[in-house]
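Fold and geometry: a report
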Number of protein chains: 2
Amino acid sequence: MASSSEDKKFGYIPKDYVVPEDLDYLHITSNNTIYGTQHKSFPKVSVPLVCDMSSDIFSRKVDARQFALIYAGAQKNMGPAGATMVMIRKDFLEKNKSGLLTMLDYKTHVKAGSMFNTPPVFPVYVVMLTLRWLKKIGGVSAIEKINNEKAKLLYEEIDRNSMFEGTVISKEDRSTMNVCFRLRNESLEPEFDKMWKEANISGIRGHRDVGGYRASLYNALPIESVKVLIEVMQEFERKFA
Amino acid sequence: MASSSEDKKFGYIPKDYVVPEDLDYLHITSNNTIYGTQHKSFPKVSVPLVCDMSSDIFSRKVDARQFALIYAGAQKNMGPAGATMVMIRKDFLEKNKSGLLTMLDYKTHVKAGSMFNTPPVFPVYVVMLTLRWLKKIGGVSAIEKINNEKAKLLYEEIDRNSMFEGTVISKEDRSTMNVCFRLRNESLEPEFDKMWKEANISGIRGHRDVGGYRASLYNALPIESVKVLIEVMQEFERKFA
């Protein structure tokens, strides 16, 4: 491992770490869904950079040229679980060590046009429909603006509202996809839970390893849903502050 | 390879071959979708028997106890492509050599309750619906009767009709799932193709490696569809015999 923020409960994105020049590659995950951190820029390294973009692919513009390999499970911003998109730079593909098992060698799948195995047709089809929708509303640059606006509204409320606090230590690393926060007084959780459930909000309990709350703002979530949560947070403050 | 019927274009199921007793396992495929042959019974061997049942799972009753491992892609009789069912006998699972890559070791998936990776939710859901439907109509023994009836009707017509011939050499190995046949006079293919297309039949051209015709009679295909094809074959005979 080149670096870790485990010392502070993964509350920031490590920076300024040294990457040995003899590495085969450096692997990063662009967005941490559990702790709500996100790479706003990517490390400049001389070794090939490999990135798991499963949870923020197509949420913002990214210069793909800085990566040797990008992969992303469909299930966050692309479509149903069961398909994974892989982009690999040709020179990195050629560097693949021989001796890899057939199915694990990306060359197998490139050669067969991604149909070496029977493809998961339905998930791939829904990814196509989702990408057509994204294109129609203005593409990645349009959804990026919407995503930034959604995250800005919610983080502003978290910082303003006396009942809550964000869990990411370094504000500049806060994810636009997964907004993690908790109650300053955790004994009030049952009260807060009751209120957001009554507002027909679902799925904002934090990851089982972390607790607290996590609002996921993936591409499919409209800004109206964020506003409903903010209203609940404000109502909660009026009642319990 | 323990045995092959390549000498006769895979037109029969090899039998009476000798299986070395020091094999780790013997692998068979219960049904050959391309050439239309099917194991009606399975080899009695002292080594663990592994079976790919992708194309005839849940089409007929099978005594699972004779297998150490059964696997089947969902896309024929279970649901949409993208999920695979694996049944493995506990003692065979334990025999797994250590040193397998995490994802390729069935122990990983058994331990994690098949959720080590994000499961392909939609394909799994449709498999559930399909199995509920199967249960409702009387289960595997009910569908087996229907499948046998569908195959019997079609093979009888192939054998009776002067224009056609079956491509499987040994009739006892004929598949109930994939019925392969060809025209005795192949120059009439354009005429026959026109007729079945007009009857709204689709997908009966043989596999690209084989040519001829292949009618797939998977669980989802109603007996009425088989009767439509038979009518077209009879009409074809009346016109061109």
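Let's talk about the overall build of chain A
The helix and strand inventory of chain A stands at six helices and nine strands. The dimensions of chain A, computed from C-alpha atoms along their principal axes, are 65 × 40 × 30 Å. Residues classed as buried in chain A amount to 42% of the 241 residues present. Within the structure as shown, chain A displays about 13700 Å² of accessible surface, and the carbon and sulfur contribution to it stands at 54%. Chain A carries 34 positive and 30 negative side-chain charges, and their two centres are separated by 5 Å.

A closer look at the interface of chain B and chain A
Across the boundary between the two partners, chain B contributes 11 residues, which contact 11 residues of chain A. Summing both partners gives a buried area of about 750 Å² for chain B against chain A, and 80% of it is carried by carbon and sulfur. Of all residues in chain B, A81, T118 and F122 of chain B give up the largest surface area on contact with chain A, accounting jointly for 46% of the area buried on that side. Inspection of the region where chain B meets chain A yields zero salt bridges.

Examining the domain arrangement of chain A
Size of an interface: often given as the accessible area lost when the parts come together. Residue and element names in this part refer to chain A. Domain annotation of chain A identifies domain 1 (6-136) and domain 2 (139-240). Distance from the C-alpha centre of domain 1 to the C-alpha centre of domain 2: 27 Å. Of the roughly 2100 Å² buried where domain 1 meets domain 2, counting both sides, 55% is carbon and sulfur surface. Applying the counting rule to domain 1 against domain 2 returns two salt bridges. Across the salt bridge formed by D173 and K15, the nearest N and O atoms sit 2.7 Å from each other. In this assembly, domain 1 and domain 2 are joined by 15 residue pairs in polar contact (both at pLDDT 80 or more).

Examining the environment of E237 of chain B
Residue and element names in this part refer to chain B. Among the structural elements, E237 can be located in helix 6 (residues 223-240). Taking the C-alpha atoms as reference points, E237 and N178, separated by 59 residues in sequence, lie 22 Å from one another. With sequence-adjacent residues up to four places away left out, E237 is seen in contact with R160, N161, S162 and M163. Only 3.0 Å separates the side chain of E237 from the side chain of R160, close enough to count as a polar contact.

Details of the sheet that holds strand 4 (residues 49-52) of chain B
Residue and element names in this part refer to chain B. Taken in spatial order, the four strands make up an open sheet running 1-4-5-6, and their pairing is mixed. Either end of the sheet is taken by a strand with one partner, and the two such strands are strand 1 (26-29) and strand 6 (84-88). Within the sheet, the average angular offset between the axes of one strand and its neighbour, ignoring direction, is 15 degrees.

Examining the packing of aromatic side chains
In this structure the tally under the stated criterion is 19 aromatic pairs over all chains. Look at F164 of chain A and F181 of chain A: their rings are 5.7 Å apart centre to centre, the planes differ by 70 degrees, and that puts the pair in the edge-to-face class. Residue F164 of chain A is found in strand 7 (residues 164-166), and its partner F181 of chain A is found in strand 8 (residues 178-183); the two are separated by 17 residues along the sequence. Judged by relative accessible area, F164 of chain A falls into the buried class, the value being 0%. Overall, the relative accessible area of 1% leaves F181 of chain A in the buried class. With a centroid separation of 5.1 Å and 55 degrees between ring planes, the pair formed by F192 of chain B and F236 of chain B is classed as tilted.

A few points about the sheet that holds strand 4 (residues 49-52) of chain A
Residues and elements named next belong to chain A. Strand order in the open sheet made by the four strands is 1-4-5-6, with mixed pairing throughout. Both edges of this open sheet fall to strand 1 (26-29) and strand 6 (84-88), since each of them pairs with a single strand only. Averaged over all pairs of adjacent strands, the angle between strand axes in this sheet comes to 15 degrees, irrespective of strand direction. Sheet analysis places strand 1 next to strand 4, joined by four bridges and oriented parallel. Looking at strand 4, one finds that I28 is bridged to C51.

As for helix 5 (residues 189-198) of chain B
Residues and elements named next belong to chain B. Every buried residue belonging to helix 5 is among E189, F192, D193, M195 and W196, and all of these are buried. Projected down its long axis, helix 5 shows its buried positions confined to an angular sector of 165 degrees, all on one face. In helix 5, the exposed positions angled more than 90 degrees off the buried face are occupied by P190, K194, K197 and E198. Lining the buried residues of helix 5 we find strand 7 (164-166), strand 8 (178-183), strand 9 (213-216) and helix 6. N200, located one to two residues past helix 5, shows a positive phi value of around 65 degrees.

Concerning the side chain of D105 of chain A
Residues and elements named next belong to chain A. For D105, the location among the structural elements is in the loop between helix 1 (90-95) and helix 2 (106-111). Of the buried charged residues, D105 lacks a salt bridge, with K107 as the closest side chain of opposite charge at 4.7 Å. Residues in contact with D105, not counting those within four places in the same chain, are N96 and L100.

Details of the relation of the copies chain B and chain A
Once turned by 180 degrees and shifted 0.0 Å along the axis, chain B lies on chain A with an RMSD of 0.0 Å. The operation mapping one copy onto its partner corresponds to a two-fold rotation axis. When each C-alpha of chain B is compared by its distance to the rotation axis, G82 of chain B comes out closest, at 3.2 Å. Mapped onto chain A, 100% of the interface residues of chain B again fall at the interface, so both copies present the same surface.

Some remarks on the state of the cysteines
Using the criterion set out here, one finds zero disulfides over all chains in the structure. Take C51 of chain A: it sits in no disulfide, and the sulfur closest to it among the cysteines is that of C180 of chain A, at 18 Å.

Here we look at the pattern of salt bridges
Residues and elements named next belong to chain A. One pass over the full model with this rule turns up 30 salt bridges over all chains. With a shortest N-O distance of 2.8 Å, R174 and D159 are connected by a salt bridge. You can see R174 sitting in the loop between strand 7 and strand 8 and its partner D159 sitting in helix 4 (residues 139-160), a full 15 residues away along the chain. Here R174 falls in the buried class, since its relative accessible area comes to 8%. Note on D159: relative accessible area 40%, which makes it partly exposed. Its salt-bridge partner being R184, residue E165 comes within 3.5 Å of it at the nearest N-O pair. One end of the pair, E165, is in strand 7; the other, R184, is in the loop between strand 8 and helix 5 (189-198), with 19 residues separating them in the sequence. Overall, the relative accessible area of 23% leaves E165 in the partly exposed class. The exposed category is assigned to R184, whose relative accessible area is 53%. Taken together, the salt bridges that share partners define one network made up of K15, E172 and D173.

How each quantity is defined
- Residues numbered from 1 in each chain as written.
- Chains lettered and ligands numbered in written order.
- Predicted model: local features only at pLDDT ≥ 70, side-chain atom pairs only at ≥ 80, totals over all residues.
- Heavy atoms only, no water.
- Helix = DSSP H or I, 4+ residues; strand = E, 2+ residues; numbered from the N terminus.
- Buried < 20%, exposed > 50% of the residue type's maximum accessible area, 1.4 Å probe, protein only.
- Areas by Shrake-Rupley, 256 points an atom, 1.4 Å probe, with all protein chains shown as cover.
- Lys, Arg positive; Asp, Glu negative; His and termini not counted.
- Charge placed at Lys NZ, Arg CZ, Asp CG, Glu CD.
- Contact = heavy atoms within 4.5 Å.
- Buried area = accessible area lost by both parts, 1.4 Å probe.
- Salt bridge = Lys/Arg side-chain N within 4 Å of Asp/Glu carboxyl O.
- Domains from an automatic or database assignment.
- Polar contact = N/O pair within 3.5 Å; in protein donor to acceptor, adjacent residues only side chain to side chain.
- Pairing = 2+ DSSP bridges.
- Axes fitted to C-alpha atoms, helices over the stretch in contact; angles between N-to-C directions.
- Phe/Tyr/Trp six-rings, centres within 6.5 Å; stacked < 30°, edge-to-face > 60°.
- Arc of directions from axis to C-beta.
- Least-squares fit on C-alpha atoms with pLDDT ≥ 70 in both.
- Disulfide = S-S within 2.5 Å.

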